[in-house]
Amino acid sequence: MGQSQSDEQPRRRSREELIHELALRFKDRCFTSLEYYSLRDVFKSLADQQGSVRYLKEDSVARYLEIPDILGASPVVFQMVSYLGAFPFLQDAPVVLELPQVIMVVVIMTERYRRVLAKGPSDRTKLLFKSLAVYDRKASEAGAASSPALQTQDVKAVAGAHAGGFAVDAPAGDDENGDDDDDLVLTAYELLDITEAVEQGSAPEFHSAMIPTDNFRKLLMLLLLAAPLEGQESLSQYSSRVAGEELDGLRSTAENMLASFVDAETSPGIRYRHFQTIIPVLCPNLFNGFNGLFEHFLFSKNLDFSKHTDGRRASASKPSPNIAPPLLLDKGEILNDHVLSQLSMFLPGSSLFRRVRLLYSGSVAGFSMGSFESKVFNWRAPTLLLVSGTRLGDVPDGGQESSFAEALPTKRFPHGSRSDRVTFGVYVREPWKHTHKECFGDSETVLFQLEPIHDVFPASTINTDYVAFTKPPRNQPCLSFGCPHPKPSKSHRRDEMFSLGAVSLLLDDSFEFGVFNHDYRSRGGAFHTSLTRKHDFQDRFQIERLEVWGCGGDDEAKAQAERWAWEEREAEARRKINLGSANIDADRALLEMAGLVGANRSGGSMA
């Protein structure tokens, strides 16, 4: 009787069996048959073999993903995939990348795990942090470490040495919470209907873990480069972005983003608590570039779709796959490919890449509110305003600068950074218009800074002072974001003082000077305060470049062109009106036909 009960007990599955079972479920539910065929074919073509073990090495992964050597990001990526390949038994990391481990990596990096594991992006963020982190304090202080030694040691020896995982120092009083359970790991356990896996060891704590600053800098450059990637695109298509001045621009943009996470001059790395706080607000789309990059594994180069069923090649010629279409339809002085990638970290890339066009440039159309209005007001889709310049000194230099300083409140905060160069911007969903008594905009309006630090100030609902565009004589003229609406002017003199919002950007009517205000303690503005700079600061600057870009496709551009053409025809009709014929009634009838007088029109000024 007792023997019968013993025989009925389920057999304890080995860790290897559990990994293969999870890989099989991921394969069936996350890939089409063609995608899995491609993945297996790619693995077969790249894998090295030692005995019965077929595995991928760092240089094979980097070469296939076409990661540029000059970025130095290959060891960082390989550290990540060697860790993620151990999923869900992360205490075994780093692992040898056999086919089941590669399946884990591709499923996690492309977010296809959502088809199986019902967890959100925050869980992936925690997993990616762990894959980037260095757990040994001495290694953290030493900076970026090279890739795991999976290439120089015997594969079997490495596989046997994984039980200890990464070395971890004892907690050193860090403020990170002690909950190290990964929701994705737990749901994977539930999927496999296992409890014994939890008893086989636990993932290392990461109280003292950090991402080395230099490693993260290299990763940011790669993610900025890969941001526009789609599944069948190659990273080499954007090789021009990592050469000459373009490479310098990429490095500069990455440094601006890095400044959001850590002071690169004083801190050796990024802690988890800071990491998980910043990502959802400042760059929720940071890791989206991995989707397109690792989907590359699902498109084997050995599969030729250009052949017909009878084996003949299609006669239609195709564009060279080595050249990607331009990301920008127009050239700008502020906006370039790298800044566009930076914007895609917190705005939808589908509305940006190859979808924005230059509506207004101060250098071309002139720095005036009239030129701005004529170029921007007819766009019926979201817009991006970008303004950059040089920060003003504490003591005004010259009459114009003094006049601007006198129009601002006397209370002035310290500068926001050590850099003299600043770039700010605003994303506005609603069409532009004149504001007479109240601002326009909605809760999707976003105020942000791009240089010298990447910062995002989402709209608040405390008040709705999002955007004001006021011109004389009714109101004090200015263009402002987050400021109370200017009060009506009592005279034509411009001696009124501007009212700045808690978190606000204001440009004077001549587009010569601007000011960004961040009153951290007030907490009552139209935009939220900074997550990274929890103090008061203010940057007054001389405007050097001002651009507005329209987000949208050909339909929006066609609608705007039609509007411009209609206005030009109306203006031409006005010029051709022959007045002064001594027949007042006839002249008035002509003006009414043109829609210039009558009804609610005064017919006073046609300027």
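Up top is the structure.
What comes next concerns the included structure.

Conventions adopted
- Along each chain, numbering runs from 1 in the same order as the chain's sequence is written.
- Given that the model is predicted, a residue must reach a pLDDT of at least 70 before its local features are reported, and side-chain atom pairs must reach 80 or more before they are shown or counted; all residues, however, enter totals for whole chains, interfaces and linings.
- As a rule here, side-chain values come from all non-hydrogen atoms in the structure, and water together with hydrogens is ignored.
- By definition, a salt bridge exists where a carboxyl oxygen of Asp or Glu is found within 4 Å of a side-chain nitrogen of Lys or Arg.
- Only DSSP runs of H or I covering at least 4 residues are called helices, and only runs of E covering at least 2 are called strands; the numbering of each starts at the N terminus.
- A 1.4 Å probe rolled over the protein chains alone gives each residue an accessible area, and that area as a share of the maximum for its type sets the label: buried under 20%, exposed over 50%, partly exposed in between.
- Between any two strands, pairing holds if DSSP finds at least two bridges.
- Any two residues whose heavy atoms approach within 4.5 Å are treated as being in contact.
- To define a nonpolar core, start from buried Ala, Val, Leu, Ile, Met, Phe, Trp, Tyr and Cys residues and group those joined through side-chain atoms within 4.5 Å.
- Where each domain starts and ends follows an automatic or database-derived domain assignment.

**A few points about the pattern of salt bridges**
Part 1 of the argument: Evaluation of the coordinates by the stated rule reveals 21 salt bridges.
Part 2 of the argument: Among the ionic pairs, glutamate 21 bridges to arginine 25, the shortest N-O distance being 3.3 Å. In this pair, glutamate 21 and arginine 25 both sit in helix α2 (residues 15-30), four residues apart, roughly one turn of the helix.
Part 3 of the argument: Close ionic contact of glutamate 544 with arginine 421 constitutes a salt bridge, the shortest N to O distance being 2.5 Å. Here arginine 421 lies in strand β7 (residues 421-428) and glutamate 544 lies in strand β14 (residues 537-551), a separation of 123 residues in the sequence.

**Looking at the environment of proline 326**
Part 1 of the argument: Relative to the helices and strands, proline 326 resides in the loop between α15 (289-294) and α16 (337-343).
Part 2 of the argument: For the pair formed by proline 326 and tyrosine 238, sequence separation is 88 residues and the distance between their alpha carbons is 9.4 Å.

**A few points about the pairing of strand β12 (residues 503-508)**
Part 1 of the argument: Counting buried positions over the six residues of β12 gives six, a clear majority of the element.
Part 2 of the argument: Both faces of β12 are covered, namely the face carrying Val503, Leu505 and Leu507 and the face carrying Ser504, Leu506 and Asp508.
Part 3 of the argument: Where strand β11 (residues 478-481) lies against β12, four bridges are found, and the strand directions are antiparallel. When the bridges of β12 are listed, phenylalanine 481 appears paired with leucine 505.
Part 4 of the argument: Pairing of β12 with strand β13 (residues 513-518), which is carried by five bridges, proceeds in the antiparallel orientation.

**Brief notes about the side chain of arginine 112**
Part 1 of the argument: Mapped onto the secondary structure, arginine 112 falls in the loop between α6 (99-109) and α7 (121-132).
Part 2 of the argument: Setting aside residues no more than four positions away along its own chain, arginine 112 makes contact with Cys30, Phe31, Glu35, Val107, Glu295 and Leu298.

**So, the nonpolar core**
Part 1 of the argument: Residues Phe87 and Leu286 are the most contacted members of the largest nonpolar core, which totals 118 residues.
Part 2 of the argument: A domain split of this core shows at least three residues from each of domain 1 (15-138 + 183-295) and domain 2 (348-487 + 497-554).
Part 3 of the argument: Contacts of phenylalanine 87, omitting those with residues within four sequence positions, involve Leu22, Phe26, Met104, Ile108, Leu117, Leu127, Leu184, Val185 and Ala188.
Part 4 of the argument: If you look at the next biggest cluster of nonpolar residues, it comprises 36 residues, including Leu359, Phe372, Phe511 and Ile543.

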